[in-house]
Amino acid sequence: MAATAHEFDLGALRLGSGEGRRLRLEVPIEPLLFAGEPYRAEPLADDAANVPVVLDVSRMMGGGYALRLSFSAALSGPCMRCLKPAEPTIDVDAREVDRPGEGEELESPYVHDEVLDLAAWARDAFALAAPVKVLCREECAGLCPICAADLNDVGPDHVHEAAPDPRWAKLRELKLE
Ligand SMILES: [Zn+2]
Ligand SMILES: [Zn+2]
């Protein structure tokens, strides 16, 4: 059972220059909001309360850390086409470098005083890896724009006749005579 961690103290690993360590942790990931709708990051295994992640920490020569975070989680929320529950699997593989004192681009926003804000990084990396459209399945047909019927259920033959023009109706009557 992996330890649950919001934050991780990199300094406590006491890594020497060039040394590395692989850690397995569980991270609580805050829900993402798409159009005000919450989409939760859920562990793929039912027995995990939080999302299991692998964190690789390497202490660089000359100081600082190279970090790699990888995990897979389900993105759970309403399908953006048909509104039924969707939970596509999202794979995350993110890297950060933190080398304080060597310019802003080499300072990770998630590391402060050798403490890594794991929950914030995991949430941001998850959001970046998430698809623009969350769908129950790639071919989801969505809802009928006229009556909101689920087109996955009613099938492709579902159509609405255009509202009949009364003048045509009159003409048809004439023809029948
Ligand atoms: Zn759908
Ligand atoms: Zn319809």
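Remember, it's a predicted structure, so these values are computed and weren't measured experimentally. (Residues numbered from 1 in each chain as written. Chains lettered and ligands numbered in written order. Predicted model: local features only at pLDDT ≥ 70, side-chain atom pairs only at ≥ 80, totals over all residues. Heavy atoms only, no water.)

Caption draft 1: Broad picture of the overall build of the protein. The number of helices and strands found in the protein is three helices and eleven strands. Along the protein, helices and strands appear, N-terminal first, in the series β-β-β-β-β-β-β-β-β-β-β-α-α-α. Compactness check: the protein gives a C-alpha radius of gyration of 26 Å against a globular reference of 16 Å for 177 residues, more than 25% above the reference. Its C-alpha atoms put the protein at 100 × 40 × 20 Å along the principal axes. For the protein, the residues scored as buried account for 36% of the 177 residues in total. When the accessible surface of the protein is split by element, carbon and sulfur atoms take 52% of a total near 11300 Å². (Helix = DSSP H or I, 4+ residues; strand = E, 2+ residues; numbered from the N terminus. Rg over C-alpha atoms; globule rule 2.2 N^0.38 Å. Buried < 20%, exposed > 50% of the residue type's maximum accessible area, 1.4 Å probe, protein only. Areas by Shrake-Rupley, 256 points an atom, 1.4 Å probe, with all protein chains shown as cover.)

Caption draft 2: Broad picture of the coordination of the zinc ion (ligand 2). Distances from the zinc ion (ligand 2) to its protein donors, namely Cys144 (SG), Cys147 (SG), His158 (NE2) and His160 (NE2), fall within the range 2.0 to 2.3 Å. Every donor counted, the four donor atoms about the zinc ion (ligand 2) form angles of 105 to 114° at the centre, which fits tetrahedral coordination. Sequence spacing of the donors to the zinc ion (ligand 2): C-x2-C-x10-H-x1-H. In this pair, Cys144 is assigned in the loop between α1 (118-129) and α2 (151-154) and His160 in the loop between α2 and α3 (166-176), connecting sequence segments 16 residues apart. When its relative accessible area of 36% is taken as the criterion, His160 is described as partly exposed. (Donors = N, O, S within 2.8 Å, 3.2 Å for Na, K, Ca; no water. Tetrahedral: all angles 85-135°; square planar, octahedral: opposite > 155°, others 65-115°.)

Caption draft 3: Just the coordination of the zinc ion (ligand 1), in detail. The protein atoms that coordinate the zinc ion (ligand 1) are Cys79 (SG), Cys82 (SG), Cys136 (SG) and Cys140 (SG), at distances of 2.3 to 2.4 Å. Here the zinc ion (ligand 1) is ringed by four donor atoms whose angles at the metal span 107 to 113°, and the overall shape comes out tetrahedral. Donor residues for the zinc ion (ligand 1) sit on one chain with the sequence pattern C-x2-C-x53-C-x3-C. Of this pair, Cys82 sits in the loop between β7 (65-78) and β8 (85-86) while Cys136 sits in the loop between α1 and α2, and the two are 54 residues apart along the sequence. Here Cys82 falls in the buried class, since its relative accessible area comes to 6%. Residue Cys136 is classed as partly exposed on the basis of its relative accessible area of 32%.

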